[in-house]
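# Reading the structure
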Amino acid sequence: MIRIDSVTKRYPDGTVAVDRLSLEIPDRSITVLVGPSGCGKTTTLRMINRMVEPSEGRILLDGVDIMQQPVNTLRRSMGYVIQNAGLFQHRTIVDNIATVPRMLGWGKDVARSRARELMERVGLDASLAKRYPYQLSGGQQQRVGVARALAADPPVLLMDEPFSAVDPVVRKGLQDELLRIQEELGKTIVFVTHDIDEAVKLGTMVAVMRTGGRLAQFAPPAELLSNPADDFVEDFLGADRGIRRLSFFPSAGLELLTTPIVAVDATAEQIAARGSADVPYLLVTDLDGRPLGWSEPRDLTAGQIEPERLLPYGRPFVAERDSLRAALDGAVLSPTGWAVAVDGEGRAAGVVSQQTIGEAIRGAHAAAPVDAKAGR
Amino acid sequence: MNVLNFINAFFSDNAHWQGYDGIPTRVLEHIQYTLMALGIAAAVGLPIGLLTGHTGRGGNTLALIATAARALPSFGLMVLMFVLLGLGLAPVMIPLVVLAIPPVLVTTYEAMRSVDPAPVDAARGMGMAEAEVLFRVELPVALPLILSGLRSAAIQIVSTATIAAYVSFGGLGRYIVDGLYQRDYEKVVGGATLVAVLALATLGVFWAVGRLTVSRGVRRSG
Ligand SMILES: Nc1ncnc2c1ncn2[C@@H]1O[C@H](COP(=O)(O)OP(=O)(O)OP(=O)(O)O)[C@@H](O)[C@H]1O
Ligand SMILES: [Mg+2]
């Protein structure tokens, strides 16, 4: 465990970047430092591997002051990932990744085969091994940065805004990849970001810092969203904190209706039977059961259903797996106000109304907020 | 064309290819002066440039010294050294070295300063020793610029080393000085042509060194 014990950093020009910060960073989980620009996140992170030395206070690694061991030994036991990856442009990808193992005295071949193993782990095609950094996209370079930090299998990983320079789609991919890798490797990760969504998505624990380098709140993300410690944290979480909190409620309890679903080859009797006063619309699926769109029953003529004339069905959520947030999103996006639930293969599993989702939300709020990171 | 005739006459005269005043000897002498002066300039300029560039300290002082050194006229300096030190190689070498140090020093410093700080930060963060950061991270990336500094120093030395002939040393300057004295313009033009050829050869050598030592990853992105 990393313990930050009442640490202050005063830069030579008098700037107090971190002010009496105390944090207990749990093992084998992701702790996110988040806060507005200039609040001392980077400074805090860099004090852990002694790229910055604290002015006051101590940092303990497994109970031992980090000042006790030679600085380069300490740093080699911690992976370090920075914003633009910081790859060595004169070295090939595989040699970039092999850097720390080589520094630790591994043979060239062992280090390289380890590097290739890591490329696979972070989702990089083996054909990129012999390329140079300039021949990679920003997202790929960032993956190399992560692989390089993991190469010598350090127990600790320090990451400073590693995904902030890539576009949102690539960023989401990298975040998912990190969660997957973390599931496999169980590192102690300290992750800096200024993006609260990223913090909530990745963090097991989230430390919100305020300008002046002070800790505003240290809590699991669900608790942060339900109980912000003060106005600053609430402001920082943003206006739709309530909606985002729904990410922590599973959709598993939602009652799904299967009656208002017909296949594209439905008979007139089926269409008549499935429409009802409760559900003004029918969801039409293809022959495999995948949703095509909504329609009022009276607009459907058996044998002549034209998929392109159906109303769009918005974005379906995966039943059992996705959160209430995804379910609500699906209902809001659907012009009928009904969300479509699908199974793992994308086949319609049922439909659910905004009203039903609303009741589920009220029920979930009444119960204690779930802490599990299910359904995001 | 007169000049072409001179060149043709100079190079086709068999006598010019033999003996202590023959082309091979003079070219070799010239190369020796050049290598010596460049070697000394590099031995002084590279370490200082690398170190100041790496630490980022002393840049202003460097610029000042370099400007001052550039202001010194090579020929005047040689005559002064000749008066002070008497006959010898030192009065020839000193002005050549003084001429070569500023481009080596300043370009090396600038090259090191222009290295992207992110990989350097990453290297330190992964526990690389300071010397390794300099030689394994910064230097390979700064190399093309450093080589260009050495190259312009070398070219300047090649063309200026002709002054050695004024204090009775050899090299290609011999042809020019003697030619002028003997009003043998064939010789003068021949000597000047050889200097130009040697300068071009120097460019070629540096191009080859660059191909061999600069990583493809740096060449293509730089
Ligand atoms: N080397 C330094 N010398 C003086 N002041 C510094 C130095 N590095 C950072 N600071 C100051 O310390 C404060 C905290 O900086 P830090 O880089 O830790 O912030 P941050 O939270 O990482 O910000 P950002 O989100 O913009 O990266 C800022 O006010 C910054 O200007
Ligand atoms: Mg920062």
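Residues numbered from 1 in each chain as written. Chains lettered and ligands numbered in written order. Predicted model: local features only at pLDDT ≥ 70, side-chain atom pairs only at ≥ 80, totals over all residues. Heavy atoms only, no water.

### Observations concerning the overall build of chain B
Applied cut-off: Helix numbers and strand numbers start at the N terminus; a helix is a DSSP run of H or I with at least 4 residues, a strand a run of E with at least 2. Exposure classes here rest on a 1.4 Å probe applied to the protein chains alone. A residue is buried below 20% of its type maximum, exposed above 50%, and partly exposed in between. The method behind every accessible area is Shrake-Rupley, applied with a 1.4 Å probe, and residues are considered shielded solely by the protein chains displayed. By the counting scheme adopted, Arg and Lys are positive, Glu and Asp are negative, and His together with the chain ends is not counted. In plain terms, the charge of a residue is placed at NZ if it is Lys, CZ if Arg, CG if Asp and CD if Glu.
The helix and strand tally for chain B stands at 10 helices and zero strands. Counting from the amino terminus, helix and strand elements in chain B follow one another as α-α-α-α-α-α-α-α-α-α. Taken along its principal axes, the extent of the C-alpha atoms in chain B is 65 × 40 × 30 Å. Within chain B, the proportion of its 222 residues that are buried is 48%. About 11,000 Å² of surface is accessible on chain B, with carbon and sulfur atoms providing 67% of the total. Placing the 14 positive and 12 negative side-chain charges of chain B at their respective mean positions leaves the two points 5 Å apart.

### Considering the overall build of chain A
Rules: Only heavy atoms enter the contact rule, under which two residues are in contact if any of them lie within 4.5 Å.
Looking only at helices and strands, one finds 14 helices and 16 strands in chain A. Once the C-alpha set of chain A is aligned to its principal axes, its extents read approximately 80 × 50 × 30 Å. Classification of the 376 residues of chain A by burial places 50% in the buried group. Long-range pairs, those at least 24 residues apart, make up 62% of the contacts in chain A between residues at least 6 apart in sequence. Of the roughly 16,800 Å² that chain A leaves accessible, carbon and sulfur atoms contribute 48%. Of the charged side chains in chain A, 43 are positive and 48 negative, and the gap between their average positions amounts to 9 Å.

### Observations regarding the UniProt feature "domain: ABC transporter" (unreviewed entry) in chain A
So the rule is basically this: UniProt positions are given in the numbering used here, feature names are shortened, and annotations may be inferred rather than shown by experiment.
When the UniProt feature table is mapped onto this chain numbering, "domain: ABC transporter" (unreviewed entry) sits at residues 2-237 of chain A. With 38% helix and 25% strand, residues 2-237 of chain A has end C-alpha atoms that lie 26 Å from one another.

### Considerations on the UniProt feature "transmembrane region" (unreviewed entry) in chain B
All names here are of chain B. Residues given the UniProt feature "transmembrane region" (unreviewed entry) here are residues 31-53, 74-101, 153-176 and 188-209. Along residues 31-53, the helical share is 100% and the strand share 0%, with 30 Å between the first and last C-alpha atoms. Taken end to end, residues 74-101 comprises 86% helix and 0% strand; its first and last C-alpha atoms sit 13 Å apart.

### Considerations on the pattern of salt bridges
Here the idea is simple: oppositely charged side chains can pair when their charged atoms come close. All names here are of chain A. To keep things clear, this is the line we draw: We count a salt bridge whenever a side-chain nitrogen from Lys or Arg sits within 4 Å of a carboxyl oxygen from Asp or Glu.
For the structure shown, the criterion picks out 33 salt bridges over all chains. Two residues, Arg 114 and Glu 117, come together in a salt bridge whose shortest N-O distance is 3.0 Å. In this pair, Arg 114 and Glu 117 are both assigned in helix H5 (residues 108-121), three residues apart and thus about one turn of the helix distant. Taking the relative accessible area as the measure of exposure, Arg 114 reaches 15% and is therefore buried. A salt bridge links Asp 240 to Arg 244; its shortest N-O distance comes to 3.2 Å. Salt bridges sharing common partners tie together Arg 121, Arg 143, Glu 177, Arg 180 and Glu 184.

### Thoughts on the pairing of strand E4 (residues 56-61) of chain A
All names here are of chain A. Rule in force here: The criterion for strand pairing is that DSSP finds at least two bridges linking the strands in question.
Of the strand pairs in this sheet, strand E1 (residues 2-10) and E4 are connected by five bridges, and their pairing is antiparallel. Opposite Arg 3, over in E4, you have Leu 60 as the bridge partner. Pairing analysis gives two bridges linking E4 to strand E5 (residues 64-65), with the strands arranged antiparallel. Note on E5: the bridge partner recorded for Leu 61 is Val 64. Where E4 folds back on E5, the antiparallel hairpin that results is connected by two residues, among which Asp 62 adopts a positive phi of roughly 50°.

### What about the site of ligand 1?
Residue and element names in this part refer to chain A. To keep things clear, this is the line we draw: Here a residue counts as near a molecule or strand whenever at least one of its heavy atoms sits within 4 Å of it. Contacts described as polar in this section are N or O atom pairs within 3.5 Å, which, within protein, must combine one atom able to donate a hydrogen with one able to accept it, while residues neighboring in sequence count only if both atoms come from side chains. Polar here means any residue other than Ala, Val, Leu, Ile, Met, Phe, Trp, Tyr, Cys and Pro, which are nonpolar, and Asp, Glu, Lys and Arg, which are charged; Gly is therefore polar.
The environment of ligand 1 is made up of Tyr 11, Asp 13, Thr 15, Ala 17, Ser 37, Gly 38, Cys 39, Gly 40, Lys 41, Thr 42, Thr 43 and Glu 161. Contact between ligand 1 and Cys 39: an oxygen atom at 3.2 Å from a main-chain N or O atom of the residue. Protein contacts shield 62% of the accessible area of ligand 1, which totals 630 Å² for the unbound molecule. Among the elements that make up the shell around ligand 1, the one with the highest residue count is helix H1 (residues 41-48) (three residues). Broken down by class, the residue content of the shell around ligand 1 amounts to three nonpolar, six polar and three charged.

### Here's the deal with the environment of Arg46(A)
Assignment of secondary structure puts Arg46(A) in helix H1. Separated by 34 residues in sequence, Arg46(A) and Tyr80(A) place their C-alpha atoms 9.4 Å apart. Residue contacts for Arg46(A): discarding those within four places in its chain leaves Met51(A), Val52(A), Tyr80(A) and Asp121(B).

### Focus: the interface of chain B and chain A
Accessible area lost during the coming together of the parts is what is often quoted as the interface size. Note the following rule: Using a 1.4 Å probe, buried area is obtained as the accessible area two parts lose upon being combined, added over both of them.
Each partner contributes to the interface: chain B provides 22 residues, whereas chain A provides 23 residues. Of all residues in chain B, the largest losses of buried area upon contact with chain A belong to Asp121(B), Gly125(B) and Met126(B), amounting jointly to 28% of the total for that side. When the shortest N-O distance is used, the salt bridge between Asp121(B) and Arg46(A) registers 2.8 Å. Viewed at the interface, chain A and chain B are joined by six residue pairs in polar contact (both at pLDDT 80 or more).

### Quick look at the domain arrangement of chain A
All names here are of chain A. Defined as follows: As used throughout, domain bounds are those supplied by an automatic or database domain assignment.
Domain boundaries assigned for chain A yield domain 1 (2-248) and domain 2 (261-363). Inter-centroid distance (C-alpha atoms) of domain 1 to domain 2 is 42 Å. Contact residues are listed per partner, giving four residues for domain 1 and five residues for domain 2. Of the roughly 450 Å² buried between domain 1 and domain 2, counting both surfaces, carbon and sulfur atoms make up 68%.

### With respect to the side chain of Ser334(A)
All names here are of chain A. Checked against the element boundaries, Ser 334 lands in the loop between helix H13 (324-333) and strand E15 (338-342). Of the polar contacts made by the side chain of Ser 334, one reaches the side chain of Trp 294; its length is 3.3 Å. In contact with Ser 334, not counting residues within four places along its chain, are Trp 294, Tyr 313 and Gly 314.

### Quick word on the pairing of strand E2 (residues 16-25) of chain A
Each regular strand shows side chains that alternate between the opposite faces of the sheet. Residue and element names in this part refer to chain A. Bridging between E1 and E2 involves six bridges; their strand directions are antiparallel. In the strand pairing of E2, Arg 10 is matched with Val 16. In textbook terms, the turn of a hairpin is the stretch between consecutive antiparallel strands, and for E1 and E2 this stretch comprises five residues, one of which, Gly 14, has a positive phi near 100°.

### Examining the sheet that holds strand E12 (residues 282-285) of chain A
Residue and element names in this part refer to chain A. What counts, and what does not: Helix axes are fitted only over the stretch in contact, all axes being lines through C-alpha atoms; the angle between N-to-C directions runs from 0 to 180 degrees.
With respect to topology, three strands assemble into an open sheet ordered E11-E12-E13, the strand pairing being mixed. Looking at which strands have only one partner, the edges of the open sheet turn out to be strand E11 (261-263) and strand E13 (291-295). Direction aside, neighbouring strands of the sheet carry axes that sit 30° apart on average. Alignment of E11 against E12, held across three bridges, turns out to be parallel. Residue pairing in the sheet places Val 262 in a bridge with Val 284 of E12.

### Here we look at the nonpolar core
A general tendency of soluble globular proteins is for nonpolar side chains to be buried together. Condition: Among buried residues, those of type Ala, Val, Leu, Ile, Met, Phe, Trp, Tyr and Cys that are joined through side-chain atoms within 4.5 Å constitute a nonpolar core.
Counting 49 residues, the largest nonpolar core has Ile97(A), Met159(A) and Phe191(A) as its most contacted members. In contact with Ile97(A), not counting residues within four places along its chain, are Ala115(A), Leu118(A), Met119(A), Val144(A), Ala147(A), Arg148(A) and Ala151(A).

### Considerations on the environment of Gly314(A)
All names here are of chain A. Secondary-structure assignment places Gly 314 in the loop between E13 and strand E14 (317-318). Here Gly 314 falls in the partly exposed class, since its relative accessible area comes to 35%. Excluding anything up to four places from it in sequence, Gly 314 contacts Leu 333 and Ser 334.

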